[in-house]
Amino acid sequence: GMRSLFNRLPCKRLAAARRSRRCLHSHSQPHPLLATFSRLCDDGPLPAALSLLPDLAAAGVRADPISLCRLIKLCVRHGTANDGRLIHDHVSRTVNSGGEAPHTGLFVSNSLISMYAKFGLLHDALELFGGMPHRNVVSWTTVVAALANAGGRKEEALRFLVDMKRDDVAPNSYTYSSVLGACGTPGVLAAVHASIVKVGLDSDVFVRSSLIDAYMKLGDLDSGRGVFDEMVTRDLVVWNSIIAGFAQSGDGVGAVELFMRMKESGFPANQGTLTSVLRACTGMVMLDLGRQVHAHVLKYERDLILHNALLDMYCKCGSLQEADALFSRMPRRDVISWSTMVSGLAQNGRSAEALKAFDLMQSEGPTPNRITMVGVLFACSHAGLVEDGWYYFRSMEKLFGIQPEREHCNCMVDLLGRAGKLDEAVKFISEMNFEPDSVIWRTLLGACRMHKNANLAAYAAREILKLEPEDQGARILLSNTYADLRQWLDAEKSWKVMRNQGAKKEPGRSWIELGKQVHVFIAGELSHPCSAGIVQELNRLIRRVTDLGYVPLTEFVLQDLESEQKEDLLKYHSEKLAVAFAMMNSMKGKPVRIMKNLRICGDCHSFVKLVSKSEGKVIIIRDPVRFHHFQDGVCSCGDYW
């Protein structure tokens, strides 16, 4: 009974059918090694599969192409290039010799090309490709993609695309997606784009996504946007490409605008998009938009990268309350989260809290890394804590195994320089393990200006000019140092050199977010549509703060001008224009946030302090180094920046 039941089971019948099919195939039993080999190619281990190759060759048995391709895949995952060469040798001796249908040899050869490419052995891949009697679209595309991804071989990828067409092999969407990454100039990209349109592959979503990426990489946002706008169906990949492209190219406004459109189109934002948009908000100091993005982040509560980006955005937009609240709610915090918090507090003038956060990190957080230590030294430097700075600098290696790098040394020069210990700073520079670079000399130069040490300033400026003869900033700083010290003749000399070299000082720019628009102000330029109103408002503010004791600090103007002209030059510094515009448009109770491209000058600093008092406003200015929170006539930097 059991036997007859067993005979009726499907597996029994299947096995019998397999056996008869094999007999039909070979008219004889297949070699027992083949079944073992086939199994090992599927599941490994790789050494066992490789050790059967000589046995197969000795027995004159040819493995089937599917097993060989699986073996090659296994080799890419678990093996080395030498293992790959063993397989290639075996294939050359068996598969390509005698009576093999050309397409099966092609199938295995394509896998081998791909294997060599993945091992980074382009020479071997190209040699194999060159010796192939037949090549199909897969062979060509594998080689094109490998060249496009290899450093310094992008032009070859393009040449192969041309040869491929000459060989009458039509490139497919994968070929084009790969080659688009190799287009290094607008002309080449336009030509490839035209040939994509010609063969009708421009509607393929992958090709379009690669096209957008390629235009973005070349900084051509308009063409990228054009390709995007022509698309009928857009998927998340394409939305991501365009938003990331705008964010990375520094067009934060465009990135955010596209993000809004994406939401309207009903696409859910994923972590990649949200990280890009947060980066855009951070760069543009768009706190309100950053808060809107936060709402979308809530559903990814376990995503650390996203939460760190959000934390960075709050810190860089000067909203430490929100940063702190987010930090304490985060389920997981890594070294980046802690470092962001330490640096964020330090840059916002809250050095004591930054060091407290660092103590907490040591007791309950991860081991600090070099970036954490930059934040810690920055905090000491901006609070004038010389002893603490020295302690952390000296014990960094002992406590955390972190070797001091350039940034740490720079913080120490800054720390000593700010504290007026200029001789100690010079000694520190001469004893460093690094050759001082221009960044370190610039830091020293800044300290010399602050402490009015003309000789040392001239020394530092000359060191900068030795390293970077083109550096106009050093000449300007040299000239400013003399100017502040009323040494006009020397200043004149420095300016003459610059005028001969055709130097232009980078103009001060400030920008401010209002509604969803960004308004930019440039020093001395009254190009804003509301300029007349701004000048009126500025004059009103100057009258109000003059009553509180404001006197223009004309030492911050270059060259020996008449007193009144100097006051005019100071009057139109970009942050004053931005502050006036903000006062005309500000909402009651909301702080004013302004971004600047240059360090704030002493005159604007005292002006903004008094405006915060006379107008009862919190004004936050972020310059390239730190934040200034002005409230009730006081700044968070303690007039030390």
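Residues numbered from 1 in each chain as written. Predicted model: local features only at pLDDT ≥ 70, side-chain atom pairs only at ≥ 80, totals over all residues. Heavy atoms only, no water.

The protein appears in an unreviewed UniProt entry as DYW domain-containing protein from Aegilops tauschii subsp. strangulata.

### What about the overall build of the protein?
From N to C terminus, the protein includes 35 helices and six strands. Taking all 641 residues of the protein together, the buried fraction comes to 48%. Considering only residue pairs separated by 6 or more positions, the protein has 63% of its internal contacts joining residues 24 or more positions apart. (Helix = DSSP H or I, 4+ residues; strand = E, 2+ residues; numbered from the N terminus. Buried < 20%, exposed > 50% of the residue type's maximum accessible area, 1.4 Å probe, protein only. Contact = heavy atoms within 4.5 Å.)

### Quick notes on helix 20 (residues 304–316)
At 3.6 residues per turn, the α-helix brings residues three or four places apart onto the same side. With 13 residues, helix 20 should cover 18 Å at 1.5 Å per step; its first-to-last C-alpha distance of 18 Å lies within 8% of that length. Most of helix 20 sits out of view: 10 of its 13 residues are buried. (Expected span 1.5 Å × (residues − 1).)

### Let's talk about the packing of aromatic side chains
Within the structure shown, the criterion is met by 15 aromatic pairs. Considering the side-chain rings of Trp-239 and Phe-267, the 6.0 Å spacing of their centres and the 55 degrees angle between planes classify their relative orientation as tilted. Of this pair, Trp-239 sits in helix 16 (residues 236–248) while Phe-267 sits in the loop between helix 17 (252–264) and helix 18 (271–284), and the two are 28 residues apart along the sequence. Cation over ring: Arg-135 sits above Phe-129, and NZ or CZ is 4.5 Å from the ring centre. (Phe/Tyr/Trp six-rings, centres within 6.5 Å; stacked < 30°, edge-to-face > 60°. Lys NZ or Arg CZ within 6 Å of the ring centre and 35° of its normal.)

### Regarding unusual backbone geometry
Non-glycine residue Asp-168 carries a positive phi angle of around 60 degrees. Within the secondary structure layout, Asp-168 lies in the loop between helix 11 (154–166) and helix 12 (173–180). Owing to a relative accessible area of 72%, Asp-168 belongs among the exposed residues under this scheme. Residues other than glycine seldom take positive phi values, yet Lys-452 does so here, at roughly 55 degrees. For Lys-452, the location among the structural elements is in the loop between helix 28 (438–450) and helix 29 (454–467). Residue class for Lys-452 comes out partly exposed when judged on its relative accessible area of 39%.

### What about the UniProt feature "repeat: PPR" (unreviewed entry) in the protein?
Taken from the UniProt record, the annotation "repeat: PPR" (unreviewed entry) applies to residues 136–171, 204–234, 235–269, 303–333 and 334–368. Split by type, residues 136–171 is 72% helix and 0% strand. Its first and last C-alpha atoms lie 10 Å apart. (UniProt positions renumbered as here; feature names shortened; annotations may be inferred.)

### Focus: the pattern of salt bridges
What the rule picks out here adds up to 25 salt bridges. Among the ionic pairs, Arg-291 bridges to Glu-322, the shortest N-O distance being 2.6 Å. Within this pair, whereas Arg-291 is found in helix 19 (residues 287–297), its partner Glu-322 is found in helix 21 (residues 320–329), the two being separated by 31 residues in sequence. We classify Glu-322 as partly exposed; its relative accessible area is 21%. Counted as one network, the salt bridges with shared partners bring together Arg-225, Asp-229, Glu-257 and Arg-261. (Salt bridge = Lys/Arg side-chain N within 4 Å of Asp/Glu carboxyl O.)

### Quick look at the side chain of Ser-510
Within the element layout of this structure, Ser-510 appears in strand 1 (residues 509–514). Only 3.3 Å separates the side chain of Ser-510 from the backbone nitrogen of Glu-575, close enough to count as a polar contact. The residues touching Ser-510, leaving out its near neighbours within four places in the chain, are His-519, Val-520, Phe-521, Ser-574, Glu-575, Ala-578, Ile-594, Met-595 and Lys-596. (Polar contact = N/O pair within 3.5 Å; in protein donor to acceptor, adjacent residues only side chain to side chain.)

### A short note on the sheet that holds strand 6 (residues 634–635)
If you trace the six strands from one edge of the open sheet to the other, you get 2-1-3-4-5-6, paired in mixed fashion. If you trace the sheet from one side to the other, it starts and ends with strand 2 (517–522) and strand 6, each paired once. Note that strand 1 and strand 3 (residues 592–596) share three bridges and pair antiparallel. Bridge pairing in strand 3 places Ser-510 opposite Lys-596. (Pairing = 2+ DSSP bridges.)

### Section: the side chain of Ser-574
Inspection of the secondary structure puts Ser-574 in helix 34 (residues 574–585). For Ser-574, a relative accessible area of 1% corresponds to the buried category. There is a polar contact of 2.8 Å between the side chain of Ser-574 and the side chain of Ser-510. Those residues within four positions of Ser-574 in sequence are excluded, and the remaining contacts are Gly-508, Arg-509, Ser-510, Phe-521, Ile-522, Ala-523 and Lys-596.

### Things to note about helix 34
Its 12 residues place the ends of helix 34 17 Å apart at the C-alpha level, agreeing with the 16 Å of an ideal helix rising 1.5 Å per residue. Across the 12 residues of helix 34, 10 count as buried, placing the element largely inside the fold. Looking at helix 34, one finds that the buried residues are Ser-574, Glu-575, Lys-576, Leu-577, Ala-578, Val-579, Ala-580, Phe-581, Ala-582 and Met-583.

### Observations concerning the environment of Ala-57
Structurally, Ala-57 is set in helix 5 (residues 53–58). For Ala-57, a relative accessible area of 33% gives the class partly exposed.

### Regarding the pairing of strand 1
Within a regular strand, side chains alternate between the sheet's two faces. Note that strand 1 and strand 2 share six bridges and pair antiparallel. Opposite Ser-510, over in strand 2, you have Phe-521 as the bridge partner.

### With respect to the pairing of strand 5 (residues 627–631)
The element strand 5 is extensively covered by neighbouring structure, given that four of its five residues are classed as buried. When strand 4 (residues 619–622) meets strand 5, the two strands line up antiparallel, connected through four bridges. Its bridge partner being in strand 5, Arg-622 is matched across the sheet by Phe-627. Between strand 4 and the antiparallel strand that follows it, strand 5, lie four residues.

### What to know about the packing of helix 25 (residues 386–400) against helix 26 (residues 406–418)
Their axes nearest at 10 Å, the elements helix 25 and helix 26 cross at an angle of 160 degrees. With respect to helix 26, the axis of helix 25 lies roughly antiparallel. With respect to the hand of their crossing, helix 25 and helix 26 are arranged in left-handed fashion. Of helix 26, the residues touching helix 25 (which contributes Val-386, Gly-389, Trp-390, Phe-393 and Met-396) are His-408, Cys-409, Met-412, Leu-415 and Leu-416. Classifying every residue of the contact of helix 25 with helix 26 by side-chain character gives eight nonpolar, two polar and no charged. (Axes fitted to C-alpha atoms, helices over the stretch in contact; angles between N-to-C directions. Parallel < 35°, antiparallel > 145°, perpendicular 65-115°, else oblique. Left-handed = near helix turned anticlockwise from the far one by under 90°. Nonpolar A, V, L, I, M, F, W, Y, C, P; charged D, E, K, R; others polar.)

### Describing the packing of helix 19 against helix 20
Any two packed helices are characterised by how steeply their axes cross, that is the angle between the axes, and by the distance between the axes. In the contact formed by helix 19 and helix 20, the axes pass within 10 Å of each other and the chain directions differ by 160 degrees. As summarised for this structure, helix 19 and helix 20 are arranged roughly antiparallel, according to the angle between their axes. Here helix 19 and helix 20 pass one another in a crossing that is left-handed. Residue-level inspection shows Leu-287, Gly-290, Arg-291, His-294 and Val-297 of helix 19 in contact with helix 20, the latter providing Leu-306, His-307, Leu-310, Met-313 and Tyr-314. Tallied by class, residues from the contact of helix 19 with helix 20 come to six nonpolar, three polar and one charged.

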